[in-house]
Amino acid sequence: MSANQEAQLDELLALASIYDEEEFRKRESMQKGEIRLCLELPPNFRLLLKGQACIECGISFLPPLVLSFELPTDYPSSSAPGFTLSSKWLSRVQITALCKRLDELWEENRGNVVLFIWIQFLKEETLEFLNIQSPLEIQNIGGQPQCKFGHNPAVETAVEKSEVQELDKRAVQEVDPNTDILTQLLDFNEAQKQKVFDGKIFSCGICISENLGSKSLLFKECQHVYCKACMKEYFQFQIRDGKVQCLTCPETECMSMATPAQVKLLVSQDEFARYDRLLLQWSLNLMADVVYCPRMSCCMAVIIEPDTTMGICPSCQYVFCTLCKRTYHGLSVCKEGKITVEYPFIHTSTVESSQFHLCGNLHLCIYQTPLHSKIPGVTLTLLGVYMCPH
């Protein structure tokens, strides 16, 4: 085995012992590999996305920089490792500046193994080198994210060169045209936060037992933690009782709600189907413009237009009156039911709807019988007081 081969083998073994399989991957029987580096963000770091609207949010993790390398036979004695550097959120200009800095680090350490030096620089110094501060400003330009950076001669030199020549071919910007960049960044942030949570130990607020985060449930709004066993029983009890709006944190006076994803994780498929159906029904009941199809075999939610009493079921196409729930009868009054009329000079009176008739196209209701009031035997025209909904 040559000195170069021995140095390469030692370097790869050292990297494998330092980083886990998600961070460092070596291709079998080849001197190639990939290193995924998550940058260490300062506390309270924020992200500002500028597009059609400005969106700012807190973030703890950003998608990793990916350093793919290939070791030539004469590395490290003569040649540097071949590499590409890719990112989802840095611009190609910024990645080009990082590539140039990696070349400089090789020149400073020529003849020695350099992968670990590159890794430490990318992981610990990228933000400072590119002068990236909170809030990290990202703009969508032509479907590609452009990260704003501060004053840095190395980066500005790369910008100037990019204007007169091609960017470094080793600088790769990973852009998925079918996925919004903000969605990618937030999804990765949540996945990494969950990974960190899963590895910690928490005390259940109900049974006081200690469990790993992977066996616990976190209410995100209030940050209260309970074991999954306790929360499973709690969710199942509330769902059986139909109290799907009560799947809140068990802490006294805490109103943090469990997410549907958290509920689905703990209950059976049938229980979640019941939860989903009742939650939708409860939500629709809060909407003033939603009624239900009166046909017992259907009961589909129906959205009604303003100032109308006609409902059309999107499922069975049944056209009905939203007041009496019978087949829609146009301008005719409802056959059954009572109507309460208020007038400032008389007592509130409730009379059968058959005692009303319609005033042409004005849709005004007129009494033609005496009311139970202080003005007996009088026909009143209640103009502007009761507008017939038909």
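Look a little higher up for the structure.
Please read all numbers here as calculations on a predicted model, not as lab measurements. (Residues numbered from 1 in each chain as written. Predicted model: local features only at pLDDT ≥ 70, side-chain atom pairs only at ≥ 80, totals over all residues. Heavy atoms only, no water.)

Enquirer: Account for the pattern of salt bridges, naming residues and giving values.
Expert: Following the criterion strictly, the structure yields 13 salt bridges and no others. Of the charged contacts in the structure, one is a salt bridge between Glu 108 and Arg 101, with a shortest N-O distance of 3.4 Å. Between Arg 110 and Glu 107 there is a salt bridge whose closest N-O contact spans 2.9 Å. With a relative accessible area of 43%, Arg 110 lands in the partly exposed category. The class for Glu 107 is partly exposed, based on a relative accessible area of 49%. Because the salt bridges share partners, they merge into one network encompassing Arg 25, Glu 34 and Arg 36. (Salt bridge = Lys/Arg side-chain N within 4 Å of Asp/Glu carboxyl O. Buried < 20%, exposed > 50% of the residue type's maximum accessible area, 1.4 Å probe, protein only.)

Enquirer: Quick rundown of the layout of surface pockets? Include the residues and the values.
Expert: Put simply, the largest pocket is a space of about 540 Å³. Surrounding the largest pocket, 22 residues form its lining, Gln 194, Phe 197, Leu 218, Lys 220 and Gln 262 being those nearest its centre. Elements with a minimum of two residues in the lining of the largest pocket: helix H5 (181–198), strand E12 (216–218) and helix H7 (260–266). Of all the elements, H5 adds the most residues to the lining of the largest pocket, at six residues. (1 Å grid on protein atoms, 1.4 Å probe; cavity = no way out; pocket = protein on both sides within 12 Å on 5 of 7 lines; lining within 4 Å. Points joined across faces, edges and corners; volume = space filled by probe spheres on them. Helix = DSSP H or I, 4+ residues; strand = E, 2+ residues; numbered from the N terminus.)

Enquirer: Explain the nonpolar core to me, using residue names and the numbers behind them.
Expert: Judged by nonpolar contacts, the single largest core of 46 residues is most densely connected at Trp 89, Leu 98, Trp 118 and Leu 122. Apart from the residues within four sequence positions on either side, Leu 98 is in contact with Leu 65, Leu 85, Leu 90, Phe 121, Leu 122, Thr 126, Phe 129 and Leu 130. Counting 22 residues, the second-largest nonpolar core is a separate cluster that includes Leu 217, Tyr 226, Cys 254 and Tyr 275. (Core = buried A, V, L, I, M, F, W, Y, C linked by side-chain atoms within 4.5 Å. Contact = heavy atoms within 4.5 Å.)

Enquirer: An account of the state of the cysteines is requested, with residue identities and associated values reported.
Expert: Under the criterion given, the structure shown has zero disulfides. Of the cysteine sulfurs around Cys 313, a residue in no disulfide, the closest is that of Cys 298, at 3.5 Å. (Disulfide = S-S within 2.5 Å.)

Enquirer: Give a description of the packing of aromatic side chains that names residues and reports values.
Expert: Each pair of aromatic rings is reported with the distance of its centres and the angle of its planes. Going through the model one piece at a time under the given rule, you end up with nine aromatic pairs. On the basis of an interplanar angle of 10° and a centroid distance of 6.4 Å, the ring pair of Phe 24 and Phe 69 is categorised as stacked. Of this pair, Phe 24 sits in strand E1 (residues 24–26) while Phe 69 sits in strand E5 (residues 65–70), placing them 45 residues apart in sequence. Just as Phe 24 is buried, Phe 69 falls in that class too. Pairing Phe 272 with Tyr 275 gives two aromatic rings, centres 5.6 Å apart and planes at 40°, and the pair type is tilted. With Phe 272 and Tyr 275 both in helix H8 (residues 269–285) and three residues apart, this pair spans about one turn of that helix. Assigned by exposure class, Phe 272 and Tyr 275 land together as buried. One cation-aromatic arrangement involves Arg 101 over Phe 121; the distance from NZ or CZ to the ring centre is 5.9 Å. (Phe/Tyr/Trp six-rings, centres within 6.5 Å; stacked < 30°, edge-to-face > 60°. Lys NZ or Arg CZ within 6 Å of the ring centre and 35° of its normal.)

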